[in-house]
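# Structure at a glance
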Amino acid sequence: MSSLPLPLSGVVKGPALLPIIQADTPAQAVDIAKALSAGGIGSVEVVLRTKEALAGIAAVRNALPDLLVGAGTILSAADAIAAKAAGAQFLVSPASTPKLLEAMIDCGLPFAPGVATPSEIAMAFEYGLTEVKFFPAHLSGGIEMLRALSSIFQQVRFCPTGGIGQHNLADFLALPNVFVAGGTWLTPAALVKAGHWQQISELAAQATAIATKLKAAA
Ligand SMILES: O=C(O)C(=O)C[C@H](O)[C@H](O)COP(=O)(O)O
């Protein structure tokens, strides 16, 4: 196995936010990314949940070279390799298994594997990983769970996703063991479908204002 890639926290650009792009076409991915970027977002996660997701990553990289573009929903070594080949600059997975962790380490890109339990955090820790995604955050104990975990896993930093919204963003980002918050709340499917880019920019600007107050922007 290779040495560890750079930590994700070291490469996240802009406010401590990782909005998700789920797009049916590369052009739609670019439209979403432009709307987010206009709202101050510096980093996005394109999820591998649509046929064109890999092409979407390449298109967003090409159209918005200053944006940091990662790939989410990495569920296998093949996903990690394909995402890297498409131009992904970081990887995010909802899960952790030894195979998946080894594949993401071997890819060499900064990444956040998904955890929801102390044992999964301990497994990531065994690989030397101290940055993980906490998913699904709202169903796995939310803020109280992150507080409880902070006393045991003092070096571990989390990217909570799942159930994050404008209403609880500040509470998550106020936790010292949270380095970035992610999710779909800035890119609701209905707004994407209707092409309401201005509304997505406004949501992003509101979240950016909350995040920059709580976590210094990189
Ligand atoms: O697939 C991944 O790698 C992910 O990052 C999963 C997302 O974080 C959640 O799907 C966000 O959930 P909501 O914000 O509650 O809609």
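Our structure is the block above this text.
## Overview of the packing of helix 2 (residues 53–63) against helix 3 (residues 77–86)
- The contact between helix 2 and helix 3 brings their axes to 8 Å, and the two run at 30 degrees. Here helix 3 runs roughly parallel to helix 2, going by the angle between their axes. Crossing of helix 2 against helix 3: the hand is right-handed. Residue-level inspection shows Leu54, Ile57 and Ala58 of helix 2 in contact with helix 3, the latter providing Ala82, Ala83 and Ala86.
- The class makeup of the residues in the contact of helix 2 with helix 3 is six nonpolar, no polar and no charged.

## Some words on the packing of aromatic side chains
- Going through the model one piece at a time under the given rule, you end up with one aromatic pair.
- Taking 6.1 Å as the distance between ring centres and 70 degrees as the angle between the ring planes, the aromatic pair formed by Phe134 and Phe158 counts as edge-to-face. Of this pair, Phe134 sits in strand 7 (residues 131–134) while Phe158 sits in strand 8 (residues 157–160), and the two are 24 residues apart along the sequence.
- You can call Phe158 buried: its relative accessible area is 0%.
- Cation over ring: Lys133 sits above Phe135, and NZ or CZ is 4.9 Å from the ring centre.

Rules used in this analysis
Each chain carries its own residue numbering, running from 1 in the written order of its sequence. In keeping with the predicted nature of the model, local features appear solely for residues at pLDDT of at least 70, side-chain atom pairs appear and are counted solely at 80 or more, and the whole-chain, interface and lining totals rest on all residues. Side-chain numbers come from the whole structure's heavy atoms, not from hydrogens or water. Axis definition: a line fitted to C-alpha atoms, limited for helices to the stretch in contact. Angles are taken between N-to-C directions and run from 0 to 180 degrees. Numbering of helices and strands runs from the N terminus, with a helix taken as a DSSP run of H or I at least four residues long and a strand as a DSSP run of E at least two residues long. Angles below 35 degrees are treated as roughly parallel, those above 145 as roughly antiparallel, those between 65 and 115 as roughly perpendicular, and all remaining angles as oblique. Note on convention: near helix rotated counterclockwise from far helix by under a right angle means a left-handed crossing. Clockwise means right-handed. Whether two residues are in contact is decided by their heavy atoms, any of which lying within 4.5 Å being enough. Residues are grouped as follows: Ala, Val, Leu, Ile, Met, Phe, Trp, Tyr, Cys and Pro are nonpolar; Asp, Glu, Lys and Arg are charged; all remaining types, including Gly, are polar. Only Phe, Tyr and Trp rings are paired, with Trp represented by its six-membered ring, and only when their centres lie within 6.5 Å; those with planes under 30 degrees apart are stacked, over 60 edge-to-face, the remainder tilted. With a 1.4 Å probe rolled over the protein chains alone, any residue whose accessible area is under 20% of its type maximum counts as buried; one over 50% counts as exposed, and the rest are partly exposed. In this scheme, Lys NZ or Arg CZ marks a charge over a ring once it lies within 6 Å of the ring centre and within 35 degrees of the ring normal.

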